[in-house]
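Chain by chain, the residues:
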Amino acid sequence: MRFTLNGKSRTVNAHPMKRLLDVLRGECGLTGTKEGCGEGECGACTVLLDGVAVDSCLVPLAHVAGKKVITIEGAAATRTGKALQNAFVEQGGAQCGICTPGMILAAAPLTSHASFDEIRTALAGNLCRCTGYPAIFRSVQSALKASKRAR
Ligand code: FES
Ligand code: FES
């Protein structure tokens, strides 16, 4: 199966029904994508598929053929991803860190003009059992504000 992973073409020989989450962590060695519930409830495994945040535990490998996948490793190399990572550190948006890659990828498609409600909606499928959500929302707001200033 061939797809684009973090900007590079990648071919993976695995069963077409294997979960994208397992392919990323196993075959591709990208362990930044986390497994929480394994059934589409927590968002810890979020990646971007053609720019849309999806739960990689629910996506079979066959579904990504010819598409673009961005994981936290790829996002971390972008300006938006870096701004989000820094903001999560500075604003206390991460504690154990299990939910953080998913939070960052769920927030990555937001524009710098996103409202608080839009931020809440974008992160609605991502659960955190450590921080409580105010610090997470504050982190995203801070990153969006920083990216607006950088324009
Ligand atoms: S591990 Fe995929 S949604 Fe929880
Ligand atoms: S920081 Fe631990 S689950 Fe969110």
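Please read these numbers as outputs of a predicted model, since none were measured by experiment. (Residues numbered from 1 in each chain as written. Chains lettered and ligands numbered in written order. Predicted model: local features only at pLDDT ≥ 70, side-chain atom pairs only at ≥ 80, totals over all residues.)

Q: How should I be thinking about helix α3 (residues 79–90) in this particular structure?
A: Each α-helix turn comprises 3.6 residues. Residues three or four places apart therefore point the same way. Here α3 is 12 residues long and its end C-alpha atoms lie 16 Å apart, about the 16 Å a rise of 1.5 Å per residue gives. If you check which residues of α3 are buried, you get Gly 81, Ala 83, Leu 84, Gln 85, Ala 87 and Phe 88. Those residues of α3 hidden inside the fold are in contact with α2 (72–75), α4 (100–107) and α6 (134–149). Following α3 by one or two positions, Gly 92 has its phi on the positive side, about 70 degrees. (Helix = DSSP H or I, 4+ residues; strand = E, 2+ residues; numbered from the N terminus. Expected span 1.5 Å × (residues − 1). Buried ≥ 20, exposed ≤ 12 C-beta atoms within 10 Å, placed from the backbone. Contact = placed C-beta atoms within 7 Å.)

Q: How do you make sense of unusual backbone geometry when you look at a structure like this?
A: As a rule of thumb, non-glycine residues mostly have phi less than zero, and peptide bonds are mostly trans rather than cis. Phi angles above zero are rare outside glycine, and Asn 6 is one such case at about 50 degrees. Along the chain, the position of Asn 6 falls in the loop between β1 (2–5) and β2 (8–11). Although it is not a glycine, Asp 50 adopts a positive phi angle of roughly 50 degrees. As for its placement among the helices and strands, Asp 50 is situated in the loop between β3 (46–49) and β4 (52–55).

Q: Please clarify how the domain arrangement of the protein should be interpreted in this entry.
A: Accessible area lost upon the coming together of the parts is a frequently used measure of interface size. Annotation of the protein at the domain level lists domain 1 (2–72) and domain 2 (75–149). For domain 1 and domain 2, the distance between their C-alpha centroids amounts to 20 Å. Contacts between the two partners involve 15 residues from domain 1 and, on the opposite side, 14 residues from domain 2. When residues of the side of domain 1 that touches domain 2 are assigned to their parent elements, the largest contribution, three residues, is made by β3. Classifying every residue of the side of domain 1 that touches domain 2 gives eight nonpolar, six polar and one charged. (Domains from an automatic or database assignment. Nonpolar A, V, L, I, M, F, W, Y, C, P; charged D, E, K, R; others polar.)

Q: It is not clear to me how α6 should be interpreted in this structure. Could you clarify?
A: Helix length check: α6 (16 residues) gives 22 Å between terminal C-alpha atoms against 22 Å at 1.5 Å per residue, within 8%. Turning to α6, its buried residues number three or more, namely Ile 136, Ser 139, Val 140, Ala 143 and Leu 144. Considered in projection along α6, the buried side chains sweep an arc of 125 degrees and stay on one side of the axis. For α6, exposure combined with an orientation more than 90 degrees from the buried face picks out Pro 134, Lys 148 and Arg 149. Elements that come into contact with the buried residues of α6 comprise α3, α4 and α5 (116–122). (Arc of directions from axis to C-beta.)

Q: Is there a simple way to think about the packing of α3 against α4 in this case?
A: When two helices pack together, you describe them by how their axes are tilted relative to each other and by the distance separating the axes. Running from N to C, α3 and α4 cross one another at 130 degrees; their axes reach a closest spacing of 10 Å. By the angle class used here, α3 and α4 are oblique. Seen from above, α3 lies across α4 with right-handed handedness. For the pair α3 and α4, contact is made by Gly 81, Leu 84, Gln 85 and Phe 88 and by Thr 100, Ile 104 and Ala 107, respectively. By residue class, the composition of the contact of α3 with α4 is four nonpolar, three polar and no charged. (Axes fitted to C-alpha atoms, helices over the stretch in contact; angles between N-to-C directions. Parallel < 35°, antiparallel > 145°, perpendicular 65-115°, else oblique. Left-handed = near helix turned anticlockwise from the far one by under 90°.)

Q: Looking at this structure, I do not really get the environment of Leu 30. What am I missing?
A: Within the secondary structure, Leu 30 is located in the loop between α1 (20–27) and β3. According to the C-beta neighbour criterion, Leu 30 is partly exposed, with 18 such atoms within 10 Å. Residues Leu 30 and Gln 141, 111 residues apart in the sequence, show an inter-C-alpha distance of 27 Å. Every residue in contact with Leu 30, bar those within four places of it in the chain, is listed here: Leu 24, Arg 25, Thr 71 and Glu 73.

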